[in-house]
Amino acid sequence: MSKLWGGRFTKETNKLVEEETASISFDQKLADEDIQGSIAHVHMLASTGILSEEEAEKIEAGLKSVLQKIKKGELAFSVENEDIHMNIEKFLIDEIGPLGGKLHTGRSRNDQVATDMHLYLKNHTEQIIEHVKAVQTAVLNQAKDHVETILPGYTHLQRAQPVSFAHHLLAYFWMLQRDKERLQDSLKRVSGSPLGAGALAGTTFPLDRHQVAEELGFDYVYPNSMDAVSDRDFILEFMSAASIMMMHISRLSEELVIWSSQEFQFIELDDSFCTGSSIMPQKKNPDVPELLRAKTGRVYGNLIGLLTVLKGLPLAYNKDMQEDKEGMFDTVETLEGSLGMLAPMIDTMIVRKENMKQAVSEDYSNATDIADYLVTKGLPFREAHEIIGKIVLYGIDHSKYLLDLTLDEFKQFSGLFEEDIYEVLAPEQVVANRKSYGGTSQEQVKEQILLAEKAL
Ligand code: ARG
């Protein structure tokens, strides 16, 4: 088969080279964007007088027909035509004849592929932002139901201080909020139009780059043609934001896995989000959060992969850059799939309040509050800390929690203890007393919910 660039060649491409260097197997995902970009290009070629109106109309009709046929599966992509750009150009020529060859006037695949990638990522970033909002909504709804639900808060995975379950969940709401803001911010940069940059240096035709940018919904035009065709940092930025978000999702997933274990029993995931074992009939496994946790790996991998591809490239386009695609598609698809499962999984999870309650009444997580109590009676915090440490040790030795100690026992450690010590020890009270801004008191958490609603 003759190549679109075959003029200066005297030999056929080696078959293996053809197979291995073609990108059509994966960049066919860009068919829509490629044709959208071509239609904007052809409109501009007509309005600048480079093509006649009639030529432009025929090319546009041909492109639309090609797209329909691609969608119906009526056209077979070929490795000989390398990539989506040349496959479509060939289809167009087959469709409308040699006139199709005028489409590529003033354009290179270098600005074409960059345009396709910007269009694809802009569209998908917007969709992913909607997915993030759905997860935030699910988190917020659960939080609203559980302001009064109390569970141990942990540091080092050791019980630290009791917290409202809503407070714990809302921590993820704010992580997702920042993740969403990072994506929203990246849209500013993904909204640049490389089209019209040509291969690297611009073109001899009087193109109107601003017209195509506007038609394609881009906010600005890359001011430097070499930068326009060489830049892939808009993808790196997306992948970085995606990596941070997956790290957050992975942490949440890890908690869901832990909480749904027999040891914790703080939540139960809906049957529709779990799977069984082929051998152990009793099993109900949290596969979804486990996979979400693991998928973080590929998202990081894609980021590191592309950073590495780009790090040594001289300007401008290099074939290396074709390796930007699979990682980007994979990151987009992983995010869309992961966020898509996460929202309904959170929505449908059952929260075992009683078990959480039991956990906080069987630990020493109110110890800080006794120290704070002695501080309000005038003792320096450091001395109070020492005394409570001794009381905890005494409790452990005598199999008693702090609430079980008698006033006489407390008094053995400090004369400052009075009957009112019991008022600060109940877990609900421990939580309620943390009224500082952003703290876990029910009152503060309700304020936080209002802020979260506003942020959505
Ligand atoms: N398939 C190529 C890519 O994805 C398109 C650009 C090719 N440009 C070139 N000069 N060979 O990067």
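Going by the structure above, here's the rest.
Residues numbered from 1 in each chain as written. Predicted model: local features only at pLDDT ≥ 70, side-chain atom pairs only at ≥ 80, totals over all residues. Heavy atoms only, no water.

Caption draft 1: The pattern of salt bridges, seen in detail. Here the structure, examined in full by the defined rule, presents 32 salt bridges. We note a salt bridge from Lys102 to Glu55, for which the minimum N-O separation is 2.7 Å. One end of the pair, Lys102, is in the loop between helix H5 (84-96) and helix H6 (109-145); the other, Glu55, is in helix H4 (residues 53-71), with 47 residues separating them in the sequence. The partner of Lys64 in a salt bridge is Glu60, with the nearest N and O atoms 2.7 Å apart. With a gap of four residues between them, Lys64 and Glu60 both fall in helix H4, about one helical turn apart. Linked through salt bridges whose partners overlap, the residues forming this network are Glu82, Asp83, Arg109 and Lys319. (Salt bridge = Lys/Arg side-chain N within 4 Å of Asp/Glu carboxyl O. Helix = DSSP H or I, 4+ residues; strand = E, 2+ residues; numbered from the N terminus.)

Caption draft 2: Local environment of the packing of aromatic side chains. The tally for this structure, following the rule as stated, stands at 13 aromatic pairs. The interplanar angle of 55 degrees and the centroid separation of 5.5 Å between the aromatic rings of Tyr364 and Tyr401 together place this pair among those described as tilted. Taken together, the residues Tyr364 in the loop between helix H13 (353-360) and helix H14 (367-376) and Tyr401 in the loop between helix H15 (381-397) and helix H16 (407-413) connect sequence positions 37 residues apart. Note on Tyr401: relative accessible area 30%, which makes it partly exposed. Taking 4.9 Å as the distance between ring centres and 40 degrees as the angle between the ring planes, the aromatic pair formed by Phe410 and Phe417 counts as tilted. The pair Phe410 / Phe417 is uniform in exposure class, with both members buried. Taken together, the ring pairs in this structure connect Tyr373, Phe410, Phe417 and Tyr422 into an aromatic cluster. The ring of Phe9 is capped by Arg8, whose NZ or CZ atom sits 5.8 Å from the centre of that ring. (Phe/Tyr/Trp six-rings, centres within 6.5 Å; stacked < 30°, edge-to-face > 60°. Buried < 20%, exposed > 50% of the residue type's maximum accessible area, 1.4 Å probe, protein only. Lys NZ or Arg CZ within 6 Å of the ring centre and 35° of its normal.)

Caption draft 3: A look at unusual backbone geometry. The omega torsion across Leu315 and Ala316 is 0 degrees, close enough to zero to call that bond cis. Residue position: Ala316 is located in the loop between helix H11 (287-310) and helix H12 (325-348). Phi at His156 takes a positive value of approximately 55 degrees, unusual for a residue other than glycine. With a phi angle near 50 degrees, Gln265 is a residue other than glycine that sits in the positive phi range. Tracing the sequence through the fold places Gln265 in the loop between helix H10 (233-259) and strand E5 (267-268).

Caption draft 4: Expanded view of the site of the ligand. Close to the ligand lie Ser23, Asp27, Asp83, His85, Arg109, Asn110, Val113, Tyr317, Gln322 and Lys325, which account for all nearby residues. Within the contact set of the ligand, a nitrogen atom lies 2.9 Å away from a side-chain nitrogen or oxygen of Asn110. Here Tyr317 contributes a side-chain N or O atom positioned 2.4 Å from an oxygen atom of the ligand. For the ligand, the accessible surface in isolation is 340 Å², of which the surrounding protein chains cover 86%. It is H6 that provides the largest number of residues to the shell around the ligand, a total of three residues. Here the shell around the ligand is composed, by residue class, of two nonpolar, four polar and four charged. (Near = heavy atom within 4 Å. Polar contact = N/O pair within 3.5 Å; in protein donor to acceptor, adjacent residues only side chain to side chain. Areas by Shrake-Rupley, 256 points an atom, 1.4 Å probe, with all protein chains shown as cover. Nonpolar A, V, L, I, M, F, W, Y, C, P; charged D, E, K, R; others polar.)

Caption draft 5: The arrangement of a nonpolar patch on the surface in detail. A cluster of nonpolar residues, Leu200, Met226 and Leu315, forms a patch on the protein surface that exposes about 270 Å² of accessible area. Mapped onto the fold, Leu200 is located in the loop between strand E3 (192-193) and helix H8 (209-215). (Patch = residues over 30% accessible without salt bridge, like charges linked within 9 Å, V, L, I, M, F, W, Y side chains within 5 Å.)

Caption draft 6: Representation of the nonpolar core within the structure. One finds Ile128 and Phe165 to be the most contacted residues of the largest nonpolar core, which totals 104 residues. If sequence neighbours within four positions are ignored, Phe165 has contacts with His146, Thr149, Leu151, Trp259, Ile267, Met349, Val351 and Met356. Core analysis: the second largest hydrophobic core is formed by 20 residues, Ala371, Ile387, Ile391 and Leu425 among them. (Core = buried A, V, L, I, M, F, W, Y, C linked by side-chain atoms within 4.5 Å. Contact = heavy atoms within 4.5 Å.)

Caption draft 7: Representation of the packing of H6 against H10 in the model. With their axes 10 Å apart at the nearest point, H6 and H10 run at an angle of 25 degrees to one another. With respect to H10, the axis of H6 lies roughly parallel. Between H6 and H10 the crossing geometry is left-handed. On the side of H6, the interface is formed by Ala114, Met117, His118, Leu121, Thr125, Ile128 and Val132, while H10 contributes Phe234, Ile235, Phe238 and Met245. Of the residues in the contact of H6 with H10, the class split is nine nonpolar, two polar and no charged. (Axes fitted to C-alpha atoms, helices over the stretch in contact; angles between N-to-C directions. Parallel < 35°, antiparallel > 145°, perpendicular 65-115°, else oblique. Left-handed = near helix turned anticlockwise from the far one by under 90°.)

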